[in-house]
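Chains, contacts and geometry: an overview
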Amino acid sequence: HEVRDGIAYPVSWLEIIFNPSFPYRFSHMFTAAYLTTSLVVAAVGARYLLAGRFVEESKTMLRMGIGMVAVLAPLQLVIGDAHGLNTAKHQPVKVAAMEAHWDGSKPADLVLFAWPNEAEERNDYEISIPNIASLIITHDVNGLFKGLKDFAPQDRPPVKPVFFAFRVMVGIGMLMIAAGLIGAFLWWRGLLFNARWYLWPLSLAWPAGFIAILAGWWVTETGRQPWLVYGILRTKDAASPVSAEAVLTTLVAFVIVYSIVFSMGIYYINRLIEKGPTGASVKPSEGVPSRPLSAAEEAAHEAIDKKG
Ligand code: HEM
């Protein structure tokens, strides 16, 4: 790659596809998928247990789900931090927007809440902890990193969506860490299955991972604007000459098709959850089967006999 102004730009298509952020994106997304699934399993387990249904199964679901969240949520924070440091190196204006950091000549505060004011290039209603963003990004409380004002307005992404989506993702990540650690503690103390104050919010938390994934994706894609390939190809220069009507028609078709597919999927999954774990698992046959597949054959015969 070529370094200009302290920023590493790719110089070949190979570098664009296998870019340096790939290991971070891959591991962050991989953990995100397991985390999201684990939370759904734990939430469904909590829902059953609160309703007094499938008690044994729900305890297994809770142990599995909470065990995974307790390990993966802190890991996601570590990977996310490394991901952010990599982004600071290759797409610094995205990090400036994520942190709503305007003035790169001063150490950056960790902005907990603000209303970024793009017209006046500052934050309104800001609540922040001094110098902590500098500590996170540069590992030095007085460290400097580029602010939004270091980039021409036409080279900045829209600040508000990136800033708020980042807070939604990290906020949910923090809640997941708390849920995992509190759950693991209750499990260790033998209190988990009776802690209704914990199980009730957990039973409602199933969408959290999906929302965090969408928010993260939003940060990544909106934060890269106005570039398609950072510093090299602008999105507007890459747009195909397709009429607005054609784009709108395709978009509407996508929305309709996906709405149908997702509604059916959600309906079907809810039916499965409502029905619960049914059907006896295959009973082990007497003694050890002589051939590995004989147990499976037996189960198949049993199923056919039952049908007949
Ligand atoms: C715990 C604190 C977290 C931190 C510090 C963090 C950090 C980051 C950063 C810096 C990015 C954007 C990087 C870039 O575009 O250059 C990102 C993207 C993303 N994050 Fe997080 N994250 C956290 C939690 C989560 C959680 C809990 C989930 C989902 C369960 C998640 C899912 C994602 C996804 C899907 C992306 C977009 C990945 C891509 O398109 O390459 N993050 N995260």
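Rules of the game
Residues numbered from 1 in each chain as written. Predicted model: local features only at pLDDT ≥ 70, side-chain atom pairs only at ≥ 80, totals over all residues. Heavy atoms only, no water. Donors = N, O, S within 2.8 Å, 3.2 Å for Na, K, Ca; no water. Tetrahedral: all angles 85-135°; square planar, octahedral: opposite > 155°, others 65-115°. Helix = DSSP H or I, 4+ residues; strand = E, 2+ residues; numbered from the N terminus. Patch = residues over 30% accessible without salt bridge, like charges linked within 9 Å, V, L, I, M, F, W, Y side chains within 5 Å. Areas by Shrake-Rupley, 256 points an atom, 1.4 Å probe, with all protein chains shown as cover. Salt bridge = Lys/Arg side-chain N within 4 Å of Asp/Glu carboxyl O. Buried < 20%, exposed > 50% of the residue type's maximum accessible area, 1.4 Å probe, protein only. 1 Å grid on protein atoms, 1.4 Å probe; cavity = no way out; pocket = protein on both sides within 12 Å on 5 of 7 lines; lining within 4 Å. Points joined across faces, edges and corners; volume = space filled by probe spheres on them. Nonpolar A, V, L, I, M, F, W, Y, C, P; charged D, E, K, R; others polar. Domains from an automatic or database assignment. Phe/Tyr/Trp six-rings, centres within 6.5 Å; stacked < 30°, edge-to-face > 60°. Lys NZ or Arg CZ within 6 Å of the ring centre and 35° of its normal. Contact = heavy atoms within 4.5 Å.

1. A word on the coordination of the iron atom of the ligand
Around the iron atom of the ligand, the protein contributes the donor atoms His28 (NE2) and Met169 (SD), at 2.0 to 2.3 Å from the metal centre. The coordination sphere of the iron atom of the ligand comprises six donor atoms, whose angles at the metal cover 82 to 179 degrees; the geometry is octahedral. Taken as a pair, His28 in helix H2 (residues 22-51) and Met169 in helix H6 (residues 159-188) lie far apart in primary sequence, 141 residues in all.

2. Quick look at a nonpolar patch on the surface
The grouping of Leu248, Leu251, Val252, Val255, Ile256, Ile260 and Met264 at the surface amounts to a nonpolar patch, some 680 Å² of accessible area in total. Turning to its location among the elements, Leu248 is positioned in helix H10 (residues 244-275). Look at Leu248 and you get exposed, because its relative accessible area is 53%.

3. What to know about the layout of surface pockets
Of the pockets and cavities examined, the second largest pocket occupies roughly 630 Å³. Contributing to the lining of the second largest pocket are 15 residues, with Trp206, Phe210, Phe262, Ile266 and Ile269 lying nearest its centre. Every element with two or more residues in the lining of the second largest pocket is listed here: H2, helix H8 (208-223) and H10. In terms of residue count, H10 provides more of the lining of the second largest pocket than any other element does, seven residues in total. Here the residues of the lining of the second largest pocket sort into twelve nonpolar, two polar and one charged. Three or more residues apiece are contributed to the lining of the second largest pocket by two domains, here domain 1 (2-94 + 158-239) and domain 2 (241-276).

4. As for the packing of aromatic side chains
In total, this model carries twelve aromatic pairs according to the counting rule given. Here Tyr48 and Phe54 contribute two aromatic rings whose centre-to-centre distance is 4.9 Å and whose plane-to-plane angle is 70 degrees, an arrangement assigned as edge-to-face. One aromatic cluster in this structure is built from Phe22, Phe26, Phe30 and Tyr34. Above the plane of the ring of Trp188 lies Arg189, whose end atom (NZ or CZ) is 4.8 Å from the centre. Taking the ring centre of Trp227 as reference, the NZ or CZ of Arg234 above it sits at 4.3 Å.

5. Observations concerning the side chain of Gln91
With respect to the element layout, Gln91 can be found in the loop between helix H3 (55-90) and helix H4 (92-98). Look at Gln91 and you get buried, because its relative accessible area is 16%. Excluding its chain neighbours within four sequence positions, the residues that come into contact with Gln91 are Arg224 and Tyr230.

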